[in-house]
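Chain by chain, the residues run as shown.
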Amino acid sequence: MATAGSSLVHRQRAKYQRSRAVKSRVRSGCVTCEIRHVKCDEKKPVCDRCANAGYECDGYCYNTLARKSSSNPFQPAGANIKNPRVPIPRAKSLSNSELIVQPSAGPRFESEMEHRCFLVFQENAASQLSGYYESSVWDRVVLQACHEEQWARKVVVAIGALHHHRTLSTEPARGPGERERERKSHYLFALQQYGTALGQLRTIAGQQLQSEPRLRHALIAALLTTCFETYIGDQDGAIAQAKVGIDLLLKWTKQKDPENDSLDEWSRIRRAAARSPYLDEGLLSAFQRLDYHVLLCRGAEPGRDHPQSYPSAYQPFTSVHEACDFWDLVMRRILYFSSVGGAMVQPYPEDDNTTTSRIKGKVHPNPVAIEQYNFRTASEQFFRYFDPVFKDSRQRPGTKEYMLANLVMIRALICRSNLSQRPVESEMHTDTFLRDYMLMIGLARDLIDNANSTPKKAIFNFEITLGISIFHIASACRDPKVRRLAIGLLNQFPNPVAWYDTEVAAKIVMWIMQKEEEGMVNGFIPEGARLKLHKHETGPHKQFANLYISKHVWKDGVAAREMVPEVRIPL
């Protein structure tokens with residue numbers, strides 16, 4: 001019995017010693033391995049397991065959940081405090097697949113102002129940058145990058161400073177000149193942070209981008225720099241940065257999915273990205289919208305694949321987002337045909353009644369008439385299947401679904417009025433779309449009033465089609481009341497600069513309206529007084545604009561349009 005008792009005591013003592021050893025090994029693991037839920041090799045001062053896995057070891061600190069006091073929310077660089085950063089949980093991607101990219105710990109701020117600007121971005125700007133689309137890019141993907149890369153944090157702080165710089169212009173001044181001094185200090189601080197970030201990006205620009213984690217960081221960098229350039233009103237710089245990210249995606253897709261089938265480019269990009277945990281849907285959607293806006297501003301680029309046909313729909317759309325994707329394909333086909341296929345159209349005279357033309361005794365297909373027929377078919381399908389979804393969104397006013405439905409309807413209606421079959425020489429056809437113009441004005445006013453009245457005023461997003469659509473209404477509609485409402489919305493637009501300057505557009509259309517109304521007869525503008533704006537060019541610093549306009553004339557009893565001499569107006 002004594003032997004059995006001593007054996008039992010020996011086993012209990014050995015079990016206790018093993019449990020203490022296990023607990024000791026767990027306590028001595030580094031912070032990064034605990035966050036990653038892997039066993040640490042306990043090497044000092046940093047573990048080799050983190051370095052081999054590509055992570056920066058945060059050292060050894062048992063109290064990893066200890067937060068900094070609220071009285072000192074930032075940590076000056078070089079302070080001798082062990083790991084004051086707070087681990088954050090692993091996030092989930094939109095496709096419900098776990099991201100391999102694991103943010104290590106909270107970012108370290110070098111000054112109180114840097115911390116404040118970061119909070120401005122996190123609490124205000126991030127919720128607005130996605131516009132009318134549901135997206136986690138700005139409040140999750142970008143913030144994750146701030147935990148991983150210092151340049152990302154610098155650009156985010158710069159955007160937050162610019163955001164605060166703009167909101168200060170609407171706040172009451174606390175003293176003479178104080179608000180202007182504060183705005184200037186935030187602007188200069190934003191430029192300084194952005195310059196530092198660009199210097200850091202240049203040091204890693206030569207790295208290879210074949211790996212998908214580096215591609216992800218390169219896309220985030222392009223998105224952030226596009227946002228910053230847009231905030232400061234540099235349209236050329238913003239478009240250049242957006243094209244960097246778009247070109248990277250196209251190049252990567254050709255390597256991953258070399259088959260060039262009938263799918264459009266962005267369907268191929270999504271098909272290739274579906275196999276990657278690093279390229280989530282929100283990031284791809286942001287660049288798809290950027291690509292569409294670059295196409296609006298610059299036209300189709302040589303060498304880019306373009307949609308071979310219009311999309312088709314045979315059942316009602318399941319959501320507003322599905323309808324938006326359908327109409328994006330329609331618009332891409334129109335824009336590519338106008339810029340790429342325009343050269344093919346020129347030799348053929350237009351025939352509004354048939355799809356063929358006769359040249360030198362031979363019958364040729366008329367590409368313009370064929371394109372109009374295909375567009376009319378696609379637009380009829382769109383309006384038929386979008387109507388139930390649009391009416392359902394009316395039950396939830398103020399939501400992003402409601403606002404996106406407004407925007408999609410405006411885009412579809414303005415496109416239908418601009419591309420309807422009509423005599424080339426006449427501008428009288430626009431009178432038949434007065435009801436559409438009135439509907440679009442109501443929808444646009446709803447969007448702009450919502451942006452201006454919410455506590456987090458949406459002073460910026462990447463959406464420019466709303467401003468362009470309102471400008472087309474003000475240009476094409478000759479009803480004095482509706483036209484003035486459209487000009488008022490351009491002046492009330494929450495984002496007057498960025499990619500499309502609505503204030504300049506309002507001044508241009510105001511000048512055209514005044515010229516046309518000089519020939520008004522009994523409250524009606526006749527055909528001879530109507531002007532058609534073909535294009536406009538702004539001068540340096542937007543001091544003036546050159547307008548290229550045509551007017552209706554009769555030559556030898558035949559109606560025609562004649563270009564008037566170039567007109568320069570002050571802005």
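Residues numbered from 1 in each chain as written. Predicted model: local features only at pLDDT ≥ 70, side-chain atom pairs only at ≥ 80, totals over all residues. Heavy atoms only, no water.

**Student:** Help me get a handle on the nonpolar core, residues and values and all.
**Tutor:** Within the largest apolar cluster, 126 residues are counted, with the highest numbers of intra-cluster contacts made by Phe121, Trp138, Leu224, Phe287, Phe382, Phe386 and Leu466. If one sorts the elements of this core by residue count, helix α15 (residues 400–418) sits on top with 12 residues. Once residues within four sequence positions are removed from consideration, Phe287 is found in contact with Leu219, Ala222, Leu223, Ala242, Gly245, Ile246, Leu249 and Trp266. Residues Ile508, Leu547, Ile549 and Ile569 belong to the second largest nonpolar core, which totals nine residues. (Core = buried A, V, L, I, M, F, W, Y, C linked by side-chain atoms within 4.5 Å. Buried < 20%, exposed > 50% of the residue type's maximum accessible area, 1.4 Å probe, protein only. Helix = DSSP H or I, 4+ residues; strand = E, 2+ residues; numbered from the N terminus. Contact = heavy atoms within 4.5 Å.)

**Student:** Describe the side chain of Asp280, with residues and values.
**Tutor:** Tracing the backbone shows Asp280 in the loop between α10 (265–273) and α11 (281–298). The buried category is assigned to Asp280, whose relative accessible area is 4%. Of note is the side chain of Asp280, whose polar atom sits 3.2 Å from the side chain of Arg140. (Polar contact = N/O pair within 3.5 Å; in protein donor to acceptor, adjacent residues only side chain to side chain.)

**Student:** An account of the packing of aromatic side chains is needed here, citing residue identities and associated values.
**Tutor:** Two measures describe an aromatic ring pair: the distance that separates the ring centres and the angle between the ring planes. Enumeration according to the criterion identifies 11 aromatic pairs in this entry. Ring geometry for Phe326 and Phe382: centres 6.2 Å apart, planes at 15 degrees, overall stacked. With Phe326 in helix α12 (residues 320–339) and Phe382 in helix α14 (residues 367–393), this residue pair connects regions lying 56 residues apart in the sequence. This pair shows no difference in class: Phe326 is buried, exactly as Phe382 is. Through pairs of rings, three or more aromatic residues link up here, namely Tyr310, Phe317, Phe326, Trp327, Phe375, Phe382, Phe383, Phe386 and Phe390. Sitting over the face of the ring of Phe390, Arg394 holds its NZ or CZ atom 4.1 Å from the ring centroid. A cation over an aromatic ring shows up here: Lys535 above the ring of Tyr548, its NZ or CZ 4.9 Å from the ring centre. (Phe/Tyr/Trp six-rings, centres within 6.5 Å; stacked < 30°, edge-to-face > 60°. Lys NZ or Arg CZ within 6 Å of the ring centre and 35° of its normal.)

**Student:** Explain a nonpolar patch on the surface to me, and be specific about the residues and the numbers.
**Tutor:** Together, Tyr187, Leu188 and Leu191 give the surface a local cluster of nonpolar side chains, amounting to about 250 Å² of exposed area. With respect to the helices, strands and loops of the structure, Tyr187 is situated in helix α7 (residues 178–204). Judged by its relative accessible area of 30%, Tyr187 falls in the partly exposed class. (Patch = residues over 30% accessible without salt bridge, like charges linked within 9 Å, V, L, I, M, F, W, Y side chains within 5 Å. Areas by Shrake-Rupley, 256 points an atom, 1.4 Å probe, with all protein chains shown as cover. Salt bridge = Lys/Arg side-chain N within 4 Å of Asp/Glu carboxyl O.)

**Student:** Give me α10: which residues, what numbers.
**Tutor:** Here α10 has its buried residues at Glu265, Trp266, Arg268, Ile269, Ala272 and Ala273. Angular distribution of buried residues about the axis of α10 spans 155 degrees; they occupy a single face of the element. (Arc of directions from axis to C-beta.)

**Student:** Just give me the short version of the pattern of salt bridges, but keep the residues and values in it.
**Tutor:** Under the counting rule described, the total for this entry stands at 27 salt bridges. Ionic pairing is found between Arg304 and Glu265, a salt bridge with its closest N-O pair at 2.7 Å. Residue Arg304 is located in the loop between α11 and α12, and its partner Glu265 is located in helix α10; the two are separated by 39 residues in the primary sequence. Note on accessibility: Arg304 and Glu265 belong to one class, buried. In this structure, a network of salt bridges that share partners links the residues Glu110, Glu114, Arg153 and Lys154.

**Student:** For the packing of helix α8 (residues 212–231) against α11, give the residues involved together with the corresponding values.
**Tutor:** Contact pair α8 / α11: the axes reach a minimum separation of 11 Å and the direction vectors enclose 50 degrees. In terms of their interaxial angle, α8 and α11 are classed as oblique. In this structure, α8 crosses over α11, and the sense of that crossing is left-handed. Taking contact as the criterion, the partners of Leu219, Ile220, Ala222, Leu223 and Thr226 in α8 are, on α11, Leu283, Ala286, Phe287 and Leu290. (Axes fitted to C-alpha atoms, helices over the stretch in contact; angles between N-to-C directions. Parallel < 35°, antiparallel > 145°, perpendicular 65-115°, else oblique. Left-handed = near helix turned anticlockwise from the far one by under 90°.)

**Student:** If you had to explain unusual backbone geometry to someone new, which residues and values would you point to?
**Tutor:** Not every positive phi belongs to a glycine, and Asn522 is a case in point at roughly 55 degrees. By the secondary structure assignment, Asn522 is in the loop between α19 (502–517) and β3 (531–538). With a phi angle near 55 degrees, Lys542 is a residue other than glycine that sits in the positive phi range. Turning to its location among the elements, Lys542 is positioned in the loop between β3 and β4 (544–555).

**Student:** Help me get a handle on α15, residues and values and all.
**Tutor:** With 19 residues, α15 should cover 27 Å at 1.5 Å per step; its first-to-last C-alpha distance of 27 Å lies within 8% of that length. Burial runs high along α15: 15 of the 19 residues are buried. (Expected span 1.5 Å × (residues − 1).)

**Student:** Help me get a handle on the confidence of the model for the chain, residues and values and all.
**Tutor:** When pLDDT is averaged along the chain, the result is 78, and 73% of the positions lie at 70 or above. Mean pLDDT per element in the chain: helix α13 (residues 342–345) is the minimum at 33, and helix α18 (residues 480–492) is the maximum at 94. Here residues 21–27 is modelled with pLDDT under 50, and outside its nearest four sequence neighbours on either side it reaches three contacts, counting other chains as well. Below pLDDT 50 for its whole length, residues 62–104 participates in 78 contacts with residues either more than four positions away or in separate chains. (pLDDT = per-residue confidence, 0-100.)

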